[in-house]
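Take a look at the letters that make up each chain.
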Number of protein chains: 2
Amino acid sequence: MSILVVGSVAYDTVETPLGRAERVLGGSASFFAVAASFFGPVNLVGVVGRDFGEAQLAAFRGRPIDLEGLERMEGKTFHWQGRYAHDLNSRDTICTDLNVFEFFEPKIPRRYRGSEAVFLGNIDPVLQRQVLEQVERPRVVACDTMNFWIHGKPAEVRETLKRVQILLINDQEARELSGEWNLVKAARAIRAMGPRTLVVKKGEHGVLMFGDEGTFAAPALPLEVVVDPTGAGDTFAGGFLGYLASTGQEGDDALRRAVVMGSTLASFSVEAFSLDRLLTLTRGEIDARYREFEGLTRFESL
Amino acid sequence: MSILVVGSVAYDTVETPLGRAERVLGGSASFFAVAASFFGPVNLVGVVGRDFGEAQLAAFRGRPIDLEGLERMEGKTFHWQGRYAHDLNSRDTICTDLNVFEFFEPKIPRRYRGSEAVFLGNIDPVLQRQVLEQVERPRVVACDTMNFWIHGKPAEVRETLKRVQILLINDQEARELSGEWNLVKAARAIRAMGPRTLVVKKGEHGVLMFGDEGTFAAPALPLEVVVDPTGAGDTFAGGFLGYLASTGQEGDDALRRAVVMGSTLASFSVEAFSLDRLLTLTRGEIDARYREFEGLTRFESL
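Criteria and thresholds
- Residues numbered from 1 in each chain as written.
- Chains lettered and ligands numbered in written order.
- Predicted model: local features only at pLDDT ≥ 70, side-chain atom pairs only at ≥ 80, totals over all residues.
- Heavy atoms only, no water.
- Buried < 20%, exposed > 50% of the residue type's maximum accessible area, 1.4 Å probe, protein only.
- Axes fitted to C-alpha atoms, helices over the stretch in contact; angles between N-to-C directions.
- Helix = DSSP H or I, 4+ residues; strand = E, 2+ residues; numbered from the N terminus.
- Parallel < 35°, antiparallel > 145°, perpendicular 65-115°, else oblique.
- Left-handed = near helix turned anticlockwise from the far one by under 90°.
- Contact = heavy atoms within 4.5 Å.
- Nonpolar A, V, L, I, M, F, W, Y, C, P; charged D, E, K, R; others polar.
- Pairing = 2+ DSSP bridges.
- Salt bridge = Lys/Arg side-chain N within 4 Å of Asp/Glu carboxyl O.
- Buried area = accessible area lost by both parts, 1.4 Å probe.
- Least-squares fit on C-alpha atoms with pLDDT ≥ 70 in both.
- Phe/Tyr/Trp six-rings, centres within 6.5 Å; stacked < 30°, edge-to-face > 60°.

Chemist: Would you explain unusual backbone geometry in this entry?
Modeler: Trans is the prevailing form of peptide bonds, just as negative phi is the prevailing case for residues other than glycine. With a phi close to 50 degrees, Asn99 of chain A is a non-glycine residue in the positive phi region. Residue Asn99 of chain A is classed as partly exposed on the basis of its relative accessible area, which comes to 28%.

What follows is the structure, encoded as structure tokens:
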């Protein structure tokens with residue numbers, strides 16, 4: 001079962017308490033694609049500039065990631081620069097150079113159109129719908145968004161959400177999208193907008209998933225060293241949807257395992273800058289860490 | 001197996017976004033004792049003033065809570081007044097009238113001295129040790145503390161911790177006690193001070209327990225209505241230690257179940273002001289909610 005992902009492919013310059021990385025590979029589609037590629041084929045749709053070369057593409061080579069949809073445009077690649085606070089829970093954006101990403105209009109190659117799962121990364125909700133209009137009949141549509149769109153294009157966000165089965169956002173976004181501070185109330189309001197399943201990412205505090213069959217809570221793995229949280233949410237989404245698609249299932253049990261798999265991939269991602277840790281990762285390491293989550297959370301009945 | 005608890009018995013005046021409660025029963029020993037009393041006998045050590053009457057004592061009557069250790073002193077009962085922010089995660093103390101609590105010197109009645117479990121509520125670490133000197137040979141000593149003592153009497157806190165098996169504190173206290181921001185590092189540092197088991201309470205984000213056999217993460221129950229968080233941590237401690245003592249076990253499996261039981265009791269406590277919800281609670285409701293935690297956290301192996 002193949003997954004189509006549309007989102008940013010970027011250069012990131014990141015400062016964290018543990019160091020600095022200059023113009024390294026980033027972007028939501030990059031993290032998502034590499035994480036999802038452990039479980040099956042990924043069709044990547046994005047745009048880069050002429051400054052994005054074979055060295056950067058190497059991250060995607062040798063994996064089941066199709067790059068026909070990665071457009072090359074005149075100009076420079078999207079560049080984001082940010083600095084994390086000491087606690088890694090907040091960050092300041094120092095600059096955002098959209099560059100070619102400003103003119104991004106997702107064009108879905110013909111052979112991507114039968115993709116069975118779609119992940120709409122955090123782009124303009126109008127573009128998200130344009131992607132859906134170019135695919136045939138995906139079994140699962142998952143989506144991310146952010147405060148910039150929630151406040152800037154609220155009606156368009158609502159329109160997109162009508163066509164989405166799974167929304168993955170962070171706790172603050174869930175509060176702003178719903179206008180409810182309480183996450184249980186927020187989830188009810190958001191699920192009434194369209195998505196049957198809402199996955200709320202809480203960073204170091206883990207994930208809450210609200211669905212037809214109740215609520216699931218998964219912790220994040222307590223880590224002693226977090227080098228760079230950039231991309232953790234997109235890595236989570238890639239592990240989540242990649243695993244889910246590979247099961248061919250859509251029920252609550254598969255969704256729960258997918259949340260843990262997403263958390264597993266994200267726990268690796270933050271151990272190094274950029275995609276560095278994901279690029280050395282093996283399926284054996286993934287499965288071993290999934291079992292660590294079992295050990296972390298298990299308890300007996302009374 | 002009986003539990004001795006020493007701590008505050010107080011009047012609380014509390015404002016939350018959902019209402020206000022004036023001079024209602026509060027204090028760490030009150031919440032702890034009622035929560036623990038669902039699992040076995042509790043010996044309460046504290047102090048109240050002449051303004052603390054039979055109406056307040058009614059909360060403890062009809063439960064296996066021994067009040068011989070609840071001293072009556074000339075003067076007024078400890079009174080705390082606070083106001084919670086909209087998000088319920090932070091609160092301002094409006095006033096703290098220590099009253100008789102300022103002169104509290106725990107005196108352990110003779111028939112409490114064989115208590116098999118001891119909970120040292122959040123009082124002066126010197127007084128905490130005086131309690132331990134008056135008991136014979138408890139199988140489990142658990143302890144709470146707070147920033148006021150961590151900063152004000154650091155050497156005394158360290159001295160007390162040498163005699164404690166289980167420390168229950170919140171995440172901010174763990175960071176301040178250890179000087180480490182990262183909770184994994186903080187746990188290692190704190191466990192080197194004495195407690196074999198560290199339970200870190202993270203409010204709505206649940207609990208992390210660090211012990212000899214690894215780490216356990218339990219979520220808080222996502223609640224739609226939280227009326228008053230006051231006493232949730234002490235209720236957690238009461239459910240945790242009350243249940244643990246009742247099992248007669250001390251291993252990792254029992255500690256994990258105890259964490260979930262503490263979380264269960266705390267999830268009820270916040271549903272109403274003061275001890276109101278705990279006072280109508282039944283063992284059947286407790287066991288049903290424990291099973292809700294099983295449903296909230298279960299996921300399958302790969």
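Chemist: How should I be thinking about the packing of helix α6 (residues 171-178) of chain A against helix α7 (residues 183-191) of chain A in this particular structure?
Modeler: Any two packed helices are characterised by the angle at which their axes cross and by the distance between the axes. Residues and elements named next belong to chain A. Look at α6 against α7: their axes get within 9 Å of each other, and the N-to-C directions meet at 60 degrees. Classified by the angle their axes make, α6 and α7 are oblique. Between α6 and α7 lies a crossing of left-handed hand. Every residue of α7 that contacts α6 at Asp171, Ala174, Arg175, Leu177 and Ser178 is listed here: Leu183, Ala186, Ala189 and Ile190. For the contact of α6 with α7, the class distribution of residues is six nonpolar, one polar and two charged.

Chemist: Any chance you could explain the sheet that holds strand β3 (residues 19-26) of chain B here in plain terms?
Modeler: Within a sheet, adjacent strands bond to each other through the backbone by hydrogen bonds, running parallel or antiparallel. Residues and elements named next belong to chain B. Here we have four strands laid out as an open sheet, ordered β3-β2-β7-β8, and mixed in their pairing. Across the chains shown, the open sheet's two edge strands, defined by having one partner strand only, are β3 and β8 (91-97). Averaged over all pairs of adjacent strands, the angle between their axes in this sheet comes to 15 degrees, without regard to strand direction. With five bridges connecting them, strand β2 (residues 10-16) and strand β7 (residues 79-84) associate as parallel partners. Considered in β7, the bridge of Tyr11 is made with His79.

Chemist: Looking at this model, I keep getting lost on the environment of Ala85 of chain B. Mind explaining?
Modeler: Residues and elements named next belong to chain B. As for its placement among the helices and strands, Ala85 is situated in the loop between β7 and β8. Taking the C-alpha atoms as reference, Ala85 lies 33 Å from Thr160; in sequence the two are 75 residues apart. With residues near it in sequence (within four places) discarded, Ala85 still touches Pro17 and Ser90.

Chemist: I keep staring at the pattern of salt bridges and nothing clicks. Help me out?
Modeler: Oppositely charged side chains may form a pair once their charged atoms are brought near each other. For the structure shown, the criterion picks out 52 salt bridges over all chains. Residue Arg256 of chain A pairs with Asp252 of chain A through a salt bridge whose shortest N-O separation is 3.0 Å. Highlighted residues: Arg256 of chain A and Asp252 of chain A, both in helix α9 (residues 252-269), separated by four residues, approximately one helical turn. The class for Asp252 of chain A is buried, based on a relative accessible area of 10%. Salt-bridge contacts for Glu68 of chain B lead to Arg111 of chain B; the nearest nitrogen and oxygen are separated by 2.6 Å. Of this pair, Glu68 of chain B sits in the loop between β5 (65-66) and β6 (70-72) while Arg111 of chain B sits in the loop between β8 and β9 (117-120), and the two are 43 residues apart along the sequence. The exposure class assigned to Glu68 of chain B is partly exposed, which follows from its relative accessible area of 45%. Arg111 of chain B sits in the exposed class, given a relative accessible area of 55%. Among the charged side chains, a network of salt bridges with common partners joins Glu271, Arg277, Glu285, Arg289 and Glu292 of chain A.

Chemist: What should I look at first to understand the interface of chain B and chain A in this one?
Modeler: By a widely used convention, the size of an interface equals the accessible area lost when the partners come together. Contact with chain B, which involves 41 residues of that partner, is made by 41 residues of chain A. Considering only the surface of chain B that becomes buried against chain A, Glu224, Phe299 and Leu302 of chain B emerge as the three largest contributors, covering 20% of it. The tally of links from chain B across to chain A stands at eight salt bridges. Across the salt bridge formed by Asp252 of chain A and Arg298 of chain B, the nearest N and O atoms sit 3.3 Å from each other. Those elements that place two or more of their residues in the side of chain B that touches chain A are α7 (183-191), β14 (214-218), α9 (252-269) and α11 (283-297) of chain B. Looking at side-chain class alone, the side of chain B that touches chain A contains 17 nonpolar, eight polar and 16 charged residues.

Chemist: What is the right way to look at the packing of helix α1 (residues 28-36) of chain B against helix α8 (residues 232-247) of chain B in this model?
Modeler: Residue and element names in this part refer to chain B. With their axes 7 Å apart at the nearest point, α1 and α8 run at an angle of 35 degrees to one another. At the point where α1 passes α8, the crossing takes the right-handed sense. Listed contacts from α8 to Ser28, Phe31, Phe32, Ala35 and Ala36 of α1 are Asp234, Thr235, Ala237, Gly238, Gly239, Leu241 and Gly242. By residue class, the composition of the contact of α1 with α8 is six nonpolar, five polar and one charged.

Chemist: Any chance you could explain the relation of the copies chain B and chain A here in plain terms?
Modeler: In screw terms, the move from chain B to chain A is a rotation of 180 degrees and a rise of 0.0 Å along the axis, fitting with an RMSD of 0.0 Å. Interpreted geometrically, this transformation is the action of a two-fold axis. Among all C-alpha atoms of chain B, that of His205 of chain B lies closest to the rotation axis, at 3.0 Å. Here 100% of the interface residues in chain B have copies in chain A that are interface residues too; the copies meet face to matching face.

Chemist: Teacher, can you tell me more about the packing of aromatic side chains here?
Modeler: Two numbers describe a pair of aromatic rings. These are the distance of the centres and the angle of the planes. Under the criterion given, the structure shown has 18 aromatic pairs over all chains. Ring centres of Tyr11 of chain B and Phe52 of chain B lie 5.7 Å apart, and the angle between their planes is 45 degrees; this geometry places the pair in the tilted category. Here Phe52 of chain B lies in the loop between β4 (42-48) and α2 (54-57) and Tyr11 of chain B lies in strand β2, a separation of 41 residues in the sequence. By the burial criterion, Tyr11 of chain B is buried, and Phe52 of chain B matches it. The interplanar angle of 20 degrees and the centroid separation of 5.5 Å between the aromatic rings of Phe101 of chain B and Phe104 of chain B together place this pair among those described as stacked. A residue is classified by how much of its surface remains accessible, and Phe101 of chain B, at 14% relative accessible area, is buried. Look at Phe104 of chain B and you get buried, because its relative accessible area is 4%. Put simply, the rings of Phe78, Phe101 and Phe104 of chain A pair up and form one aromatic cluster.

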